[in-house]
Amino acid sequence: MVRLTVHLIARSSNHSKSRSESLQQYLKKLTHLNFSNKNIENIDDLSICRNLTVLYLYDNQITQICNLGFASNLTHLYMQNNNISHIENLSSLHKLTKLFLGGNSITVVEGLDELKSLTELHVEGQRLPHGEKLVFDPRSISSISDSLSILNISKNNIDEIWDLTPLKKLTHLFAAENQLQDLQELETVFSQWSELRVLDLSRNPACQKPKYRDRLITACKTLEDLDGKQINELSRQFLINWKASRNAKKKTGDEKDIKGQTNNSFANGFHMSPHPCSSTSSRGKPPELGRPGVTFRTDQV
C-alpha cells in the first residue's frame, strides 16, 4: 500500500529541496503538489504543508478523502479516477474553487455545505451500481448555488434535474450521455438560469424530441453553444419572435373561445315561461339551468 507522506514528498525527484533550506522549510513553502498516477491508496498527515493551494492526486487508488483539514488555502483539488465512494471531509477547505471527482464510485453529491467559494464541480462518469443514478443532496446544492458556475455531470444515468434548479449562477452545464427525456422539465429549469452560456445534453433521449434545439434556444436567452454547436444570434431572435407571435395568436384564440362560450351561455339562459292559462301543467318541473362550463386551454410550447 502506497501512502502519501511527507517522507514520500521529500524523496520525490519532482520535489527535491534546496540545500539552503531544511525539509520543514521546503514543505511549509510548498504550494503545488503533484502525485498523480502513483498508486497511492491513502493520504497521511501533511499538515506541515499548510500553504498548499493545488493538489493533484488523480489516477490513483484512493478510497477516502481524508487528512485535508489542514489545507485551508487549497483552491484546486484533483482526485478524479480513484476509488472514492463518498464526498466527505471537505468542510475546512473554504477557499476551494475547483473540485474534480470524475471517474470514482460516488452515488450522492453531498458534503459540499461549507464550500461557499466553489466555482467548478466535476463528477462525471461515476462507476455506479447497475440501475442506479447519481443523485444530489439539496443542502449541498443550496450551499454552492451562489458560487458554482461550471458543473459536469455527464455519464451518470441521470433522468431528471429538478434538484439542480437553485444553481442560477451556472454558465456551463455538461450533462451528456444521461437519461434526460422530459423536454418540458428542461425548459422550465434552464429558463431560470439567466447566465447559462454553454449547454451539452448530447446523447440524451430528449435530443430526439421534435423542436428540441429550437425550444431550448428560446428557453435559454443567453445560450451561446448547445451540444457543441454555436447558436447564431439571428436564428435565436427569429425563434424568440416566432414563439412570441404564436403565443399571441393562441391567446387571442383562447379569448375568442371564452367570449363565444359566454355569449352562448347567456343566450341559452333566456327561455319563455309557460302561460298561466296554458293547458300544459304548471306542476311540471322546469328545466334546470346548469352553469355553463368554460374550458381554458393551456398549450404547452
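Residues numbered from 1 in each chain as written. Predicted model: local features only at pLDDT ≥ 70, side-chain atom pairs only at ≥ 80, totals over all residues. Heavy atoms only, no water.

Caption draft 1: Molecular detail of the overall build of the protein chain. A count of helical and extended segments in the protein chain gives six helices and 14 strands. In the protein chain, which comprises 301 residues, the proportion classed as buried is 39%. Considering only contacts in the protein chain between residues 6 or more positions apart, those separated by 24 or more positions represent 44%. As displayed, the protein chain has an accessible area near 17,100 Å², and 50% of this comes from carbon and sulfur atoms. (Helix = DSSP H or I, 4+ residues; strand = E, 2+ residues; numbered from the N terminus. Buried < 20%, exposed > 50% of the residue type's maximum accessible area, 1.4 Å probe, protein only. Contact = heavy atoms within 4.5 Å. Areas by Shrake-Rupley, 256 points an atom, 1.4 Å probe, with all protein chains shown as cover.)

Caption draft 2: Local environment of the sheet that holds strand β10 (residues 150-152). Pairing in this open sheet of ten strands is mixed, and the strands run β2-β4-β5-β6-β8-β10-β11-β12-β13-β14 from one edge to the other. The sheet is open, and its two edges are formed by β2 (32-34) and β14 (229-230), each paired on a single side. Direction of pairing for β10 relative to strand β11 (residues 172-174): parallel, over a ladder of three bridges. Bridge pairing in β11 places Ile150 opposite His172. (Pairing = 2+ DSSP bridges.)

Caption draft 3: Main features of the nonpolar core. If you look at the biggest cluster of nonpolar residues, it comprises 72 residues, and the most contacted ones within it are Ile9, Leu77, Leu99, Leu121, Leu173 and Phe190. Broken down by secondary-structure element, the contributors of at least two residues to this core are α1 (6-11), α2 (23-29), β3 (40-43), α4 (183-190) and α5 (212-219). (Core = buried A, V, L, I, M, F, W, Y, C linked by side-chain atoms within 4.5 Å.)

Caption draft 4: Focus on the environment of Ile65. If you trace the backbone, Ile65 turns up in the loop between β4 (54-56) and β5 (76-78). Between the C-alpha atom of Ile65 and that of Asn89, which follows or precedes it by 24 residues, the distance is 6.4 Å. Other than its neighbours up to four places away in sequence, Ile65 contacts Met79, Ile84, His86, Ile87, Glu88, Asn89, Leu90 and Leu101.

Caption draft 5: Spatial organisation of the pattern of salt bridges. Tallied over the full model, the rule gives eight salt bridges. For Arg139, the salt bridge is made with Asp137, and the minimal N-O distance between the two is 3.5 Å. Exposure remark for Asp137: the relative accessible area of 12% places this residue in the buried category. Residue Glu195 pairs with Lys169 through a salt bridge whose shortest N-O separation is 3.7 Å. With Glu195 in the loop between α4 and β12 (198-200) and Lys169 in the loop between β10 and β11, this residue pair connects regions lying 26 residues apart in the sequence. The partly exposed category is assigned to Lys169, whose relative accessible area is 37%. (Salt bridge = Lys/Arg side-chain N within 4 Å of Asp/Glu carboxyl O.)

Caption draft 6: Geometry of α4. Of all eight residues that make up α4, six are buried, and the element is covered over most of its length. Looking at α4, one finds that the buried residues are Leu183, Glu185, Leu186, Glu187, Val189 and Phe190. Elements that come into contact with the buried residues of α4 comprise β11, β12 and α5. Capping the start of α4 is the job of one residue whose side-chain oxygen sits 3.1 Å from the backbone nitrogen of Gln184: Asp182. (Polar contact = N/O pair within 3.5 Å; in protein donor to acceptor, adjacent residues only side chain to side chain.)

Caption draft 7: Representation of α5 in the model. Most of α5 is tucked away: six of the eight residues are buried. The complete set of buried residues in α5 reads Tyr212, Arg215, Leu216, Ile217, Thr218 and Ala219.

Caption draft 8: Inspection of the packing of aromatic side chains at higher detail. This structure, assessed with the given rule, holds four aromatic pairs. Centroid distance Tyr56 to Tyr78: 4.7 Å. Interplanar angle 20°. Geometry classified as stacked. Taken together, the residues Tyr56 in strand β4 and Tyr78 in strand β5 connect sequence positions 22 residues apart. Measuring from ring centre to ring centre gives 4.4 Å for Tyr78 and Phe100, while their planes differ by 10°; the resulting arrangement is stacked. Within this pair, whereas Tyr78 is found in strand β5, its partner Phe100 is found in strand β6 (residues 98-100), the two being separated by 22 residues in sequence. Taken as a pair, Tyr78 and Phe100 share a single burial class, namely buried. Members of the aromatic cluster, each reached through a chain of ring pairs, are Tyr56, Tyr58, Tyr78 and Phe100. (Phe/Tyr/Trp six-rings, centres within 6.5 Å; stacked < 30°, edge-to-face > 60°.)

Caption draft 9: Just the side chain of His122, in detail. Following the sequence through the fold, His122 ends up in strand β8 (residues 120-122). Side-chain polar atoms of His122 contact the side chain of Glu120, separated by 2.9 Å. Contacts of His122, omitting those with residues within four sequence positions, involve Leu99, Phe100, Leu101, Gly102, Ile150 and Asn152.

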